[in-house]
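Tertiary structure, described
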Amino acid sequence: MDELESLKGFYDRYPEEWAAWRELVDTVEETAREFGFREIDAPSVEPTDLFRVKSGDEIVEQTYSFEDKGGREVTLIPEQTPTRSRLVQQRKDLGTPIKWFDTSKRWRYEAVQKGRDREFFQTDIDIFGVESVEADAEIIACAATIYEKLGVADSVEFRLNDRQLLDVLLKAMDVEGSKDVMRVIDKKEKLSREEFLDNLELEGVDRATAEEIDELTAISGEMESALVELSDKAPEGDAADEAIERMHDLYDVLSAYGVESMCTFDLSIVRGMDYYTGLVFEAFSTESDLRALFGGGRYDHLIEQFGSREVPAIGFAFGYSTTMQLLKELGEWPDEALSTDAYVLTISDSVREIGLEYAKGLRGSGLTVETDLTGRSVGEQFGYADRINADYTVVVGERDLNEGVVTVQNMDSGEEERVPKDDVVDEVLDRL
């Protein structure tokens, strides 16, 4: 039969490539744990109706949805927010704040393009049950810390806005249908000024007000100075003042985290989904034409759609494909290579059991260790140790053992040292 290939938008990742991906995933998960987020595990397949609650019937066309053998409509999860909403609603005993993270595959049936696949990894990081500036800042600080650890913090910025603030400003201008207007604002970056104004007029906004919206939504930049500019231009009123003050408070907490330099204010950031209720943000590369790396925000009324409890929430979904592209462009993508701590080389069958004892001891200390499985010659074993990038090779032979030693070779330098046979594990650990 003809050779079969993976489907379009799905990818085979062999060990060398996956080693680099694994390093990226580990960095994201390590950061989440450091901030006190707890890992959950959830289904990869859910009833399609769960996603209809949030996205309507059109979700079926955008996902891998099908009828299972029991006649049920099911969907490979395109996102985890509905699942998490279900989990929160099911457990009334959960104390707040609820801080969860999870890394798993997601699936969307959409056009494949740079940084956008049909099967993709995503890490969701959320805080449920708390509505505060402190929670907002912690989410952003966690995201920013990931890029600090990846060594590209200087090339990433977080553009922040508050939909409540934007809504207050629009209402102060007597703009009706603010959600429809927000959708136009969300597309502003992709439109010319005339197209932007025309689209606002199509939503019932008069020309003069459209120009005022254009001027306001052009406010962006360093948070404190941008907020001062907004205060000068915003319509007067307590609601606008309070919303702007909340952004000032957020800036203060971000400064305490030491990530304020990565954050800018941008009144045109909306994130088109209607369920966002307050803070919204998107991460962008400052040195690439990549689309947004990922985004997130506050969604205080979404959880209640899945049950009886009202639960405020804020979070983000970390997208790996775009970040991988960024790291490659900046030369920060981890080496795509196998990594092995030690290879135990046995000269003959007579010392195989002793070699396996050394391997067991080294593995018990948390090292990655390989041994010969095919009866290779000594030269072939050294060649294999080199191919798997072993840091050290432990050479076990009868003559050395009779003298009470074992030879340990540094595979990079080629230097050899004979160490006491009872100290092999400790000696290798010391070198690593």
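A brief look at the structure comes next. (Residues numbered from 1 in each chain as written. Predicted model: local features only at pLDDT ≥ 70, side-chain atom pairs only at ≥ 80, totals over all residues. Heavy atoms only, no water.)

You can see T123 is positioned in strand β6 (residues 119-128). Residues T123 and E380, 257 residues apart in the sequence, show an inter-C-alpha distance of 42 Å. With residues up to four places along the chain from it excluded, the contact list for T123 reads V28, F101, D102, T103, F316, A317, F318 and Y320. A distance of 2.6 Å separates a polar atom in the side chain of T123 from a polar atom in the side chain of T103. (Helix = DSSP H or I, 4+ residues; strand = E, 2+ residues; numbered from the N terminus. Contact = heavy atoms within 4.5 Å. Polar contact = N/O pair within 3.5 Å; in protein donor to acceptor, adjacent residues only side chain to side chain.)

Attention now moves to helix α9 (residues 207-216). Residues T209, A210, I213, D214 and L216 constitute the buried set of α9. Considered in projection along α9, the buried side chains sweep an arc of 165° and stay on one side of the axis. Residues of α9 that are buried in the fold lie against α6 (163-172), α7 (178-186), α8 (193-202) and α10 (223-233). Measuring from the side-chain oxygen of the N-cap residue of α9 to the backbone nitrogen of A208 gives 3.2 Å; that N-cap residue is D206. (Buried < 20%, exposed > 50% of the residue type's maximum accessible area, 1.4 Å probe, protein only. Arc of directions from axis to C-beta.)

On to the pairing of strand β16 (residues 405-410). Residues in a regular strand point their side chains to alternate faces of the sheet. Burial of β16 is extensive: 5 of the 6 residues sit out of reach of the surface. Across 4 bridges, strand β15 (residues 390-396) lies against β16 in antiparallel orientation. Bridge assignment links Y392 to a residue of β16, and that residue is N410. Relative to strand β17 (residues 416-420), β16 runs antiparallel, the two sharing 5 bridges. Within β17, the position partnered with T407 by the bridge is R418. Linking β16 to β17, which pair antiparallel, is a turn of 5 residues; within it G414 sits at a positive phi near 80°. (Pairing = 2+ DSSP bridges.)

So, about the sheet that holds β16. Read from one edge of the open sheet, 5 strands run β14-β13-β15-β16-β17, paired in mixed fashion. Of all the strands in the sheet, the pair left with one neighbour each is β14 (369-371) and β17. Pairwise comparison of adjacent strand axes, ignoring direction, gives a mean angle of 25° for this sheet. Strand direction decides the pairing type here: strand β13 (residues 340-346) and β15, joined by 6 bridges, are parallel. Within β15, the position partnered with T346 by the bridge is V396. Against the sheet, helix α13 (residues 352-364) contacts β13, β14, β15 and β16, and its axis sits at roughly 165° relative to β14. Where helix α16 (residues 424-431) meets the sheet, it contacts β15, β16 and β17, and its direction lies at approximately 135° from that of β17. (Axes fitted to C-alpha atoms, helices over the stretch in contact; angles between N-to-C directions.)

Moving on to empty space enclosed by the protein. Counting across every chain of the model gives 1 cavity of 30 Å³ or more. For the largest cavity, the full set of lining residues is Y11, R13, K105, E119, F120 and F121. Among the elements that take part in the lining of the largest cavity, β6 stands out by supplying 3 residues, more than any other. Here the lining of the largest cavity is composed, by residue class, of 3 nonpolar, no polar and 3 charged. (1 Å grid on protein atoms, 1.4 Å probe; cavity = no way out; pocket = protein on both sides within 12 Å on 5 of 7 lines; lining within 4 Å. Points joined across faces, edges and corners; volume = space filled by probe spheres on them. Nonpolar A, V, L, I, M, F, W, Y, C, P; charged D, E, K, R; others polar.)

The relative placement of two aromatic rings is captured by the distance of their centres and the angle of their planes. Under the criterion given, the structure shown has 18 aromatic pairs. Their ring planes at 40° and their centres at 5.8 Å tell us that Y147 and F318 sit as a pair that is tilted. Of this pair, Y147 sits in helix α5 (residues 133-149) while F318 sits in strand β12 (residues 313-319); the two residues are 171 residues apart in sequence, bridging distant segments of the chain. The exposure class of Y147 is buried, given its relative accessible area of 0%. Arranged with centres 6.4 Å apart and planes meeting at 65°, the rings of F281 and F316 form a pair that is edge-to-face. (Phe/Tyr/Trp six-rings, centres within 6.5 Å; stacked < 30°, edge-to-face > 60°.)

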